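Spelled out, the chains give:
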Amino acid sequence: QLSCFDSMTPPESRTSVSLACSPHPLWQHQWQRRPLPRKSRLHSRSASGHHHREQLRNSTTNTLKYCSFPCCLVLLSRLPHACEAQGQRQLNESDVFLGSSTFSTNESENLGIIYRWLDDIMWTNLWDDPKNREVAFSQLGQLSDLAVGPLQSLAYGVGQAFYSYFWFKDNGGDMNLPAASRSIDLLEVSLNYSGCADLTQGVGAFLGKVCPERWIYLIMISAEVGRELAISRTDVVESARLLQKADNLFNALMEYPFFSFRNWKSIYDINTNSHVFNGAFVQRPVWPSHRIPIAAFFEEHFGAFREELENIVANDLFDSLYFAGHVSMTQFSGKRESWAPLNLIHNGVLSPTACAAAPRSCDLLSSRPEIARCSAKDVGAAFARLQPGMGIKPHFWSAPPRLGLHLGLKTPLGATMAVGDQTVVWEEGKAVVFDDTYIHTVEHRGTEVRYLLIAWFCHPCDDVHAEVPPDDISLCFA
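To keep things clear, this report deals only with the structure shown in the data block.

How each quantity is defined
- Residues numbered from 1 in each chain as written.
- Predicted model: local features only at pLDDT ≥ 70, side-chain atom pairs only at ≥ 80, totals over all residues.
- Heavy atoms only, no water.
- Disulfide = S-S within 2.5 Å.
- Helix = DSSP H or I, 4+ residues; strand = E, 2+ residues; numbered from the N terminus.
- Buried < 20%, exposed > 50% of the residue type's maximum accessible area, 1.4 Å probe, protein only.
- Salt bridge = Lys/Arg side-chain N within 4 Å of Asp/Glu carboxyl O.
- Pairing = 2+ DSSP bridges.
- Axes fitted to C-alpha atoms, helices over the stretch in contact; angles between N-to-C directions.
- Contact = heavy atoms within 4.5 Å.
- Core = buried A, V, L, I, M, F, W, Y, C linked by side-chain atoms within 4.5 Å.
- Phe/Tyr/Trp six-rings, centres within 6.5 Å; stacked < 30°, edge-to-face > 60°.
- Lys NZ or Arg CZ within 6 Å of the ring centre and 35° of its normal.

1. Brief notes about the state of the cysteines
One pass over the structure, following the stated rule, counts 4 disulfides. Paired by a disulfide, cysteine 374 and cysteine 458 hold their sulfur atoms 2.0 Å apart. Disulfide cysteine 374 to cysteine 458: torsion about the S-S bond roughly 85°, handedness right-handed. Note that cysteine 374 is positioned in the loop between α15 (369–372) and β12 (380–386) and cysteine 458 in the segment after β19 (450–457), a separation of 84 residues in sequence. Given the relative accessible area of 6%, cysteine 458 is considered buried. Across a sulfur-sulfur distance of 1.9 Å, cysteine 461 and cysteine 476 are joined as a disulfide pair. Residues cysteine 461 and cysteine 476 are joined by a disulfide whose S-S torsion is about -115°; by sign, that bridge is left-handed. Of this pair, cysteine 461 sits in the segment after β19 while cysteine 476 sits in the segment after β19; the two residues are 15 residues apart in sequence, bridging distant segments of the chain.

Encoded structure:
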């Protein structure tokens, strides 16, 4: 029962709406939960594309008891009409809820509510059933209808949810165009709702509302959807419109003082390391590996890294070790485990379970100050698996400074990475150093699993977070 009145409304003027509502089996369902990780803290999507949660150490039987969300929206969508008939208020955020959580005018809180709801589905076997994904997508669509209308404080969270959880079609490697298109529309609504569309405001207010990331996400997704439509020849007219839209947004943003000094020429020059290093520093999507000491170190010890990875894979330990350690629940790929970084060291802390299986690798990694003695955010290393036929959605790291490194351990044909305007093809035993604050994405059109040793380490121009300052910063200027 939902009531249309506030505490000051006299009893004889109050209006209520009642409707019986049976829980959908998706929300009232018992299953044996696998030992999967759960959220320990919420990162706004503007902070990064990376989310880390505490791991559930034990299997437990859980029952989710959510109100059937379509039913809830039916109830709530009838409420404002009843209120209007009484000359009462419009629909408010607090009238809409998921489970026991009501929405508010706080965009970050709303994003958290939506992500927790979807995580509770995605990181269980429920997500493997296409019917359950269809129900979740439909319910998110109902929220999007509210977000583009009376409840625009939901637009950012719903738009990011379409991008984060539904970017790939049918849990595969192809783009889900309807989801991506909805994300664009909602992120544009949020840009206006938050005030970030106003490029006359002061830089302090602009940064305080996390406007740079809002703009970059909207530009990136518009460009990537336009590109996909052109490549697939699905809709050339819409492709042209979106690519022009992305370019117009980019050019408008380049006039704003926070960005105007960066000398970016195109969308794929965007990088957030430039938030830290001023215009005198050189920014590159791919760095010359031969001038980065840690790259040569990785190549020198390629044999040791690959031997321990092969032992883990041969003994079918990869998944159990992955879920036993620090899990990066990023929703970057179509399936839960299609892209899986088996953490070895994270923020200076070695993974006990993984290092028991790969002791030599952990010793080598912990000897490198760029990783083990760096206080930059989310620095570490992992064995990373990408399954064939899958991909990693376009994204960028937005909590600089740092760089990324990939050492090819098993690199079958068909796997490539685009970073900015450059393309990377991995080779076994060869290291690639790249700036993961540029827009980057991965495709694997091959038939075999790809494995890398990946690392995130102190930027060679960063003398703030590096306990051992860089020996040579000439690379930063030429």
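2. Details of the pattern of salt bridges
Taken as a whole and judged by the stated rule, the model has 13 salt bridges. For arginine 214, the salt bridge identified is with glutamate 107, shortest N-O distance 2.9 Å. Of the two residues, arginine 214 sits in helix α7 (residues 211–232) while glutamate 107 sits in helix α2 (residues 107–122), which places them 107 residues apart along the sequence. For arginine 214, a relative accessible area of 9% corresponds to the buried category.

3. Details of the sheet that holds strand β15 (residues 415–419)
Across the sheet, which stays open at both edges, the 4 strands sit in the order β13-β18-β15-β16 with antiparallel pairing between neighbours. Across the chains shown, the open sheet's two edge strands, defined by having one partner strand only, are β13 (391–395) and β16 (422–424). Neighbouring strand axes in the sheet, compared pairwise and without regard to direction, differ in orientation by 20° on average. Inspection of the sheet shows β15 paired to strand β18 (residues 440–444) by 5 bridges, in the antiparallel sense. Paired with valine 419 across the strands is histidine 440, a residue of β18.

4. Topic: unusual backbone geometry
Residue proline 401 is reached from proline 400 by a cis peptide bond, and omega for that bond is 10°. Along the chain, the position of proline 401 falls in the loop between β13 and β14 (403–410). Even without being a glycine, aspartate 170 presents a positive backbone phi close to 50°. In this fold, aspartate 170 is placed in the loop between α4 (155–166) and α5 (177–193). Here aspartate 170 falls in the exposed class, since its relative accessible area comes to 61%. Its identity as a non-glycine residue notwithstanding, asparagine 347 has a phi of 50°, on the positive side. Tracing the sequence through the fold places asparagine 347 in the loop between β10 (339–346) and β11 (349–350). The class of asparagine 347 is partly exposed, set by a relative accessible area of 38%.

5. Observations regarding the sheet that holds β11
Read across the open sheet, the 7 strands follow the order β8-β17-β14-β19-β12-β10-β11; overall the sheet is antiparallel. Looking at which strands have only one partner, the edges of the open sheet turn out to be β8 (286–287) and β11. Examined bridge by bridge, β10 and β12 share 7 bridges and lie antiparallel to one another. Bridging across to β12, asparagine 343 finds its partner in alanine 382. The strands touched by helix α10 (residues 293–300) within the sheet are β14, β17 (431–434) and β19, with β14 carrying the most contacts at an inclination of about 15°. Seen against the sheet, helix α14 (residues 359–366) touches β10, β11 and β12 and runs at an angle of roughly 60° to β10.

6. Digging into the nonpolar core
In this structure, Ile114, Leu118, Phe298, Ile371, Phe383 and Leu405 are the most contacted members of the largest nonpolar core, which totals 115 residues. Tallying contributions element by element places α7 first for this core, with 11 residues. Setting aside residues no more than four positions away along its own chain, leucine 405 makes contact with Ile294, Ala295, Phe298, Ala431, Val432, Val433, Phe434, Leu453, Ile454, Ala455 and Phe457.

7. Describing the pairing of β13
Burial within β13 is extensive, with 5 of its 5 residues counted as buried. Where β13 lies against β18, 3 bridges are found, and the strand directions are antiparallel. Of the residues in β18, the one forming a bridge with glycine 391 is glutamate 443.

8. Digging into the packing of aromatic side chains
Applying the stated rule across the entire model yields 17 aromatic pairs. Centroid distance tyrosine 163 to tryptophan 167: 5.6 Å. Interplanar angle 75°. Geometry classified as edge-to-face. The exposure class of tryptophan 167 is buried, given its relative accessible area of 4%. Within the aromatic cluster, the residues linked to one another by ring pairs are Trp127, Phe137, Phe162 and Phe166. The lysine or arginine in question, arginine 262, covers the ring of phenylalanine 258, its NZ or CZ lying 4.5 Å from the ring centre. The ring of tryptophan 397 carries the charged tip of arginine 402 above its face, separated from the ring centre by 3.8 Å.

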